[in-house]
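Residues per chain are reported as follows:
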Amino acid sequence: MKIAILPGDGIGTEIVAEAVKVLKVLDLNLELETALVGGAAYEAFGHPLPEATLKLAKDSDAVLFGAVGDWKYDTLDRPLRPEQAILGLRKNLGLFANFRPAICYPQLVDASSLKRELVSGLDILIIRELTGDIYFGQPRGRRIATDGHFPGAEEAFDTMRYSRPEIERIAHVAFQAARKRKAAGGEGRVTSVDKANVLETFQLWKDVVTEIGQQYPDVALDHMYVDNAAMQLVKAPKKFDVVVTGNMFGDILSDAAAMLTGSIGMLPSASLNDKGQGLYEPSHGSAPDIAGKGVANPLATILSAAMMLRFSLNQPDAAARIEQAVDKVLTQGLRTPDIHSEGTTRVGTVEMGDAVVKALG
Ligand code: IPM
Ligand code: MG
């Protein structure tokens, strides 16, 4: 089993190192190969996603990804910016299905900015479509307006679009995930988040999700407008089970959901294609403000490695071992600064990684 290790920028290198440490002690006969991506690759090769890095990712069973980006690249031409690396990987590998589970560990209820009773026991799954929508829709660009409110003025535009097959396949992913959760004691409900009251794209979305839902009579389906969904996420998050939505709404809602769990530093993610190949990354970014200080929380990346073992490498036992080890270190009271609260022990990135390794037993 071959894994591409792409640490990227900022805290990416620090947190991926901890996840790699955990993978190595599992003794699973994994072939790990590291490559540069993002700003680091731009510095070395003049491109955020060099051919060799893309080829390595394509030839691997899975990709373990850290994070990319730094303010210092904000003035580069868009195709050269670090973010293009992750977008390029998603597009080139066809990683259309993004799983972002938001689970509030009982040990962390008090780290959430929400009241304990709102988040205690929270276990929801956001499924974000990842290769379509306004992120990738053409045409896009800048031009001089010929109509609109200010003809003759400079304007910029992006295109929101979804085709029926794109919606169908992500809907199937969501219904199947809800079915699986139901089998494991979950509610078995999909909430499809749209903006069908305003946008054509999301009227088609809603229609197609409704149609596909008829093939899953055992899974309940409801629909919610995205503005209401944002409100419900902070008002009564436990009312959700599986949320399925488009690329941009999913980007926004998953950050909001992250905070319910105490810290975005706890949230893993998986992005899968139709061949089961996947890219696994923490849901957070490169956090240049704390990079190099040894304080970043490596748990989202370590939990992403667990998702990788489960989804792409068919190693559910090893995945469960990692998840139990994470649970154990939290119970021991170890906390990186992002999840630290009174009465717990503050540790750094490396100490946290070492503690997880030790807890693996
Ligand atoms: C995410 C990130 C990315 C996105 C950025 C880094 C391009 O915010 O994975 O949520 O917008 O998808
Ligand atoms: Mg995001």
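Along the backbone of the protein there are 12 helices and 14 strands. For 361 residues, the compact-globule formula gives about 21 Å, and the C-alpha radius of gyration of the protein, at 20 Å, lands near that figure. Taking the principal axes of its C-alpha atoms as reference, the protein extends roughly 65 × 50 × 40 Å. Out of the 361 residues in the protein, the part that is buried amounts to 53%. For the protein, the distance from the average site of its 38 positive side-chain charges to the average site of its 46 negative ones is 3 Å.

Let us look at the site of ligand 1. All residues in the neighbourhood of ligand 1 are listed as Glu 83, Arg 90, Arg 100, Arg 128, Tyr 135 and Asp 251. Residue Arg 100 places a side-chain N or O atom 2.8 Å away from an oxygen atom belonging to ligand 1. Here ligand 1 loses 74% of its free accessible area of 320 Å² to cover by the protein chains. Considering only residue class, the shell around ligand 1 consists of 1 nonpolar, no polar and 5 charged.

With that settled, the discussion passes to the domain arrangement of the protein. Segmenting the protein into domains produces domain 1 (1-95 + 274-361) and domain 2 (113-261). Using only C-alpha atoms to locate each centre, domain 1 and domain 2 end up separated by 25 Å. Opposite the 7 residues of domain 1 that make contact, domain 2 presents 7 residues. Note on domain 1 versus domain 2: buried area summed over both sides is about 620 Å², and carbon and sulfur give 63% of it. Counting across the interface, domain 1 meets domain 2 through 0 salt bridges.

What follows deals with the environment of Glu 187. Along the chain, the position of Glu 187 falls in the loop between helix H6 (164-183) and strand E8 (189-194). Spatially, the C-alpha atom of Glu 187 lies 8.5 Å from that of Val 219, the residues being 32 residues apart in sequence. Other than its neighbours up to four places away in sequence, Glu 187 contacts Lys 182, Lys 239 and Asp 241. In this structure the side chain of Glu 187 is engaged in a polar contact, spanning 2.7 Å, whose partner is the side chain of Arg 189.

Taken as a whole, this structure holds 19 salt bridges when the rule is applied. Glu 154 serves as the salt-bridge partner of Arg 142, at 3.2 Å between the closest nitrogen and oxygen. Remark: Glu 154 occurs in strand E7 (residues 154-157) and Arg 142 occurs in strand E6 (residues 141-144); sequence separation between them is 12 residues. Judged by relative accessible area, Glu 154 falls into the exposed class, the value being 56%. Here Arg 310 ties to Glu 323 by a salt bridge, and the two come within 2.8 Å at their closest N and O atoms. Here Arg 310, found in helix H10 (residues 299-311), pairs with Glu 323, found in helix H11 (residues 316-331); they are 13 residues apart in sequence, far enough to count as distant. We classify Glu 323 as partly exposed; its relative accessible area is 24%. It is possible to trace a salt-bridge network through shared partners that takes in Glu 18, Lys 21 and Asp 354.

Summarising burial for strand E11 (residues 268-272): 5 of the 5 residues are buried, a large majority. Of the two faces of E11, the one carrying Pro 268, Ala 270 and Leu 272 and the one carrying Ser 269 and Ser 271 are both buried. The pairing of strand E4 (residues 97-103) with E11 spans 3 bridges and is antiparallel. In the strand pairing of E11, Phe 99 is matched with Ala 270. Sheet topology note: the E11/strand E12 (residues 278-282) ladder contains 5 bridges and is antiparallel. Residue Ser 271 lies in a different strand from E12, and its bridge partner there is Leu 279. In this structure, the hairpin formed by E11 and E12 is closed by a connection of 5 residues, where Gly 276 is found at a positive phi of approximately 85 degrees.

A few words now on the environment of His 340. The topology assignment puts His 340 in the loop between strand E13 (334-335) and strand E14 (345-346). For the pair His 340 and Ala 111, spaced 229 residues apart in sequence, the C-alpha to C-alpha distance is 7.1 Å.

Let's shift gears to the packing of aromatic side chains. Scanning the entire structure with this criterion turns up 7 aromatic pairs. Feature note: the residues Tyr 162, Phe 202, Trp 205 and Phe 249 constitute an aromatic cluster, connected by ring pairs. Lying over the aromatic face of Tyr 135, Arg 128 brings its terminal NZ or CZ to 5.3 Å of the ring centre. We note Arg 169 situated over the ring of Phe 96; from NZ or CZ to the ring centre the distance is 4.1 Å.

This part is about the layout of surface pockets. The space that makes up the largest pocket amounts to roughly 840 Å³. What lines the largest pocket is a set of 26 residues, among which Pro 101, Leu 125, Met 307, Arg 310 and Phe 311 lie closest to the centre. If you list the elements that add at least two residues to the lining of the largest pocket, you get E4, strand E5 (123-129), H6, E11 and H10. No other element matches H6, which puts 5 residues into the lining of the largest pocket. Split into classes, the residues belonging to the lining of the largest pocket amount to 17 nonpolar, 3 polar and 6 charged. Both domains that meet at the lining of the largest pocket, namely domain 1 (1-95 + 274-361) and domain 2 (113-261), each give it at least three residues.

Here is what the cut-offs are and how they apply
- Residues numbered from 1 in each chain as written.
- Chains lettered and ligands numbered in written order.
- Predicted model: local features only at pLDDT ≥ 70, side-chain atom pairs only at ≥ 80, totals over all residues.
- Heavy atoms only, no water.
- Helix = DSSP H or I, 4+ residues; strand = E, 2+ residues; numbered from the N terminus.
- Rg over C-alpha atoms; globule rule 2.2 N^0.38 Å.
- Buried < 20%, exposed > 50% of the residue type's maximum accessible area, 1.4 Å probe, protein only.
- Lys, Arg positive; Asp, Glu negative; His and termini not counted.
- Charge placed at Lys NZ, Arg CZ, Asp CG, Glu CD.
- Near = heavy atom within 4 Å.
- Polar contact = N/O pair within 3.5 Å; in protein donor to acceptor, adjacent residues only side chain to side chain.
- Areas by Shrake-Rupley, 256 points an atom, 1.4 Å probe, with all protein chains shown as cover.
- Nonpolar A, V, L, I, M, F, W, Y, C, P; charged D, E, K, R; others polar.
- Domains from an automatic or database assignment.
- Contact = heavy atoms within 4.5 Å.
- Buried area = accessible area lost by both parts, 1.4 Å probe.
- Salt bridge = Lys/Arg side-chain N within 4 Å of Asp/Glu carboxyl O.
- Pairing = 2+ DSSP bridges.
- Phe/Tyr/Trp six-rings, centres within 6.5 Å; stacked < 30°, edge-to-face > 60°.
- Lys NZ or Arg CZ within 6 Å of the ring centre and 35° of its normal.
- 1 Å grid on protein atoms, 1.4 Å probe; cavity = no way out; pocket = protein on both sides within 12 Å on 5 of 7 lines; lining within 4 Å.
- Points joined across faces, edges and corners; volume = space filled by probe spheres on them.

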